Structures are given as structure tokens and as C-alpha cells.
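Per-entry structural report
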Amino acid sequence: GEDVEQSLFLSVREGDSSVINCTYTDSSSTYLYWYKQEPGAGLQLLTYIFSNMDMKQDQRLTVLLNKKDKHLSLRIADTQTGDSAIYFCAETDPMDTGRRALTFGSGTRLQVQP
Amino acid sequence: EPEVTQTPSHQVTQMGQEVILRCVPISNHLYFYWYRQILGQKVEFLVSFYNNEISEKSEIFDDQFSVERPDGSNFTLKIRSTKLEDSAMYFCASTLSVTGELFFGEGSRLTVL
């Protein structure tokens, strides 16, 4: 079945850039997402990218997609203490009626040190 | 801003008891989902619901689980006879279309003793 893998933990200093990586197994993944989960809260969609794109930038967030290696990354520029959270990578192929549901990675805990 | 709301935020129950988790999706959304997250583990898909029927379900969603949309606003997840391993955070989500943004609620934490 589909699988999404992430590293578990990343620690950076405030003001530095953070890069969170994700790999996925299903080459038919067409939508790839990054969600943020703050303590005690739900999942907040940060950004997403379609599989026909290589890069998407949205303010401090840059998503890079390497389809050949099935590798997705999220770069947060000028990381702030408020960015401390768990970041989940997720994928889906909504046109595949058998699996429109999202497949999530295990999440990367980002710790931002002042 | 419209949001998905879930109740209760935390429920503690004894093994073998029935539990109903409630969700109010965003009002004009058409697709509804339940996911769960066991502490420290991945967010896992349970079930999706569209047009008053289940459209997709995972292996986790066995006969102990059921979903219902009893009226135009609520979407419920029932666990008939809870087991210890059902302890998790349960997230409800909704979207307008299968390609649209999925909005998640803040979750209901279920603790089975």
C-alpha cells in the first residue's frame, strides 16, 4: 500500500531556515500536502502542491517536489518560535476512487530555539 | 471563518462500552471523514462518507465502527464495544469536493480504560 515517511525531529534556531523532508512510495500521488499540528489542536493545512509542479512558494514557505525520487520538502524561511509544531506530509490521488483519503506521514516535530 | 467542530474534546470510557463521537462539518461541505491518531503514531484514515453512504473505509474500520449523518448538520462515529487499543485522538474532517482543501476539527481524545 501507499506509504509516507518523515524524519521524526528537527531542531533549529530562531531566524534560521528549516527544511522538513518527506518521501512517498506511490508514483500516482497527484496531490501532496503539508499540515501543521500545534499542541492540542487539529491539523491545519499549510500548503499543497500538484504532482505536475516542481516548486511552490507561499510567503515563508517553499515546497519542493522531486517526482523521480518521490521526495517532498518544506522549507520555512526565517523560522519563528511560533512555527514550533508537528508537520505532517500527506498524499492522495483523488481521481483514484479507491483511495481518495489522505495517507499521512508520521510527522516531524519542529523545535525552534530562541 | 467556518470550522469543523467536534465533541467531546476528551472522553474516558471503560473497555466494552459504546462511545459516540460527534462532529459538525462545515455547512456546505459534501464529503466527510474520520481519521484517528494513536499517541505518537501516524494519522490514519478510518472512513469517508458522501451522499449519505460510506464511500471508502480502511481495514481499521471494522464491524465495531459505524458512522451516521442523522440530520443535516451532525456526523457521528460510533464505536460499539471499545477496546484498549481504540484509545486515540479522533479527527473529523470535511471538504466541498474531493480535490478541495480538507478542513479538520480539533479532535476528540478517547481514553479507554
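Located above this text is the structure these notes cover.
1. Focus on the overall build of chain A
Tallying secondary structure elements over chain A gives zero helices and eleven strands in all. Going residue by residue from the N terminus, the α and β elements of chain A occur as β-β-β-β-β-β-β-β-β-β-β. Its C-alpha radius of gyration of 14 Å places chain A within 12% of the 13 Å reference for a compact globule of 114 residues. Taken along the three principal axes of its C-alpha coordinates, chain A extends 45 × 30 × 20 Å. Evaluated residue by residue, chain A yields a buried proportion of 46% over its 114 residues. Restricting the contact set of chain A to residue pairs at least 6 apart, pairs at least 24 apart contribute 55%. Counting every atom, chain A has about 5400 Å² of accessible surface; 47% of that belongs to carbon and sulfur.

2. Details of a negative patch on the surface
Judged by side-chain charge, B:Glu1, B:Glu3, B:Glu101 and B:Glu106 come together as a negatively charged surface patch. By the secondary structure assignment, B:Glu3 is in the segment before β1 (5–7).

3. Looking at the packing of aromatic side chains
In total, this model carries 19 aromatic pairs over all chains according to the counting rule given. The side chain of A:Lys56 reaches across the aromatic face of A:Tyr48, ending 3.9 Å from its centre.

4. Things to note about the state of the cysteines
Evaluation of the coordinates by the stated rule reveals two disulfides over all chains. At a sulfur-sulfur separation of 2.0 Å, the disulfide partner of A:Cys22 is A:Cys89. With the S-S bond torsion at -65 degrees, the cross-link from A:Cys22 to A:Cys89 turns out left-handed. Placement of the pair is A:Cys22 in strand β3 (residues 18–24) and A:Cys89 in strand β9 (residues 85–92), with a sequence separation of 67 residues. Shown here is the disulfide that connects B:Cys23 with B:Cys92, its sulfur atoms set 1.9 Å apart.

5. Remarks on the sheet that holds β1(B)
Residue and element names in this part refer to chain B. What the four strands build is an open sheet, ordered β1-β3-β8-β7; its pairing is antiparallel. One side of each edge strand has no neighbouring strand; the edge strands of this open sheet are β1 and β7 (65–68). Put simply, the sheet's adjacent strands are angled 20 degrees from each other on average, direction ignored. Bridge count for β7 against strand β8 (residues 75–79) is four bridges, and the pairing is antiparallel. Paired with glutamate 68 across the two strands is threonine 76, which belongs to β8.

6. Describing the interface of chain B and chain A
Contacts between chain B and chain A engage 14 residues on the former and 22 residues on the latter. When chain B packs against chain A, close to 1600 Å² is buried across both sides, 58% of that on carbon and sulfur atoms. Our count for the chain B to chain A interface comes out at two salt bridges. Taken together, the links from chain B to chain A amount to five residue pairs in polar contact (both at pLDDT 80 or more). Elements with a contribution of two residues or more to the side of chain B that touches chain A: β4 (31–37) and β5 (43–50) of chain B.

7. Quick word on the environment of B:Ile54
Residue and element names in this part refer to chain B. The topology assignment puts isoleucine 54 in strand β6 (residues 53–57). Classification of isoleucine 54 by relative accessible area gives partly exposed; the value is 36%. Excluding its chain neighbours within four sequence positions, the residues that come into contact with isoleucine 54 are Val47, Ser48, Phe49, Phe61 and Val67.

8. Side note on the sheet that holds strand β6 (residues 55–58) of chain A
Each strand in a sheet pairs with its neighbour through backbone hydrogen bonds, running either in the same direction (parallel) or in the opposite one (antiparallel). All names here are of chain A. On the basis of which strands lie adjacent, the open sheet formed by five strands has the order β1-β3-β8-β7-β6 and antiparallel pairing. Looking at which strands have only one partner, the edges of the open sheet turn out to be β1 (4–6) and β6. Sheet twist, expressed as the average angle between the axes of neighbouring strands with direction ignored, equals 15 degrees. Direction of pairing for β1 relative to β3: antiparallel, over a ladder of three bridges.

Definitions and limits used
Residues numbered from 1 in each chain as written. Chains lettered and ligands numbered in written order. Predicted model: local features only at pLDDT ≥ 70, side-chain atom pairs only at ≥ 80, totals over all residues. Heavy atoms only, no water. Helix = DSSP H or I, 4+ residues; strand = E, 2+ residues; numbered from the N terminus. Rg over C-alpha atoms; globule rule 2.2 N^0.38 Å. Buried < 20%, exposed > 50% of the residue type's maximum accessible area, 1.4 Å probe, protein only. Contact = heavy atoms within 4.5 Å. Areas by Shrake-Rupley, 256 points an atom, 1.4 Å probe, with all protein chains shown as cover. Patch = residues over 30% accessible without salt bridge, like charges linked within 9 Å, V, L, I, M, F, W, Y side chains within 5 Å. Salt bridge = Lys/Arg side-chain N within 4 Å of Asp/Glu carboxyl O. Lys, Arg positive; Asp, Glu negative; His and termini not counted. Charge placed at Lys NZ, Arg CZ, Asp CG, Glu CD. Phe/Tyr/Trp six-rings, centres within 6.5 Å; stacked < 30°, edge-to-face > 60°. Lys NZ or Arg CZ within 6 Å of the ring centre and 35° of its normal. Disulfide = S-S within 2.5 Å. Pairing = 2+ DSSP bridges. Axes fitted to C-alpha atoms, helices over the stretch in contact; angles between N-to-C directions. Buried area = accessible area lost by both parts, 1.4 Å probe. Polar contact = N/O pair within 3.5 Å; in protein donor to acceptor, adjacent residues only side chain to side chain.

Functional significance is not addressed by these values, which are geometric in nature.
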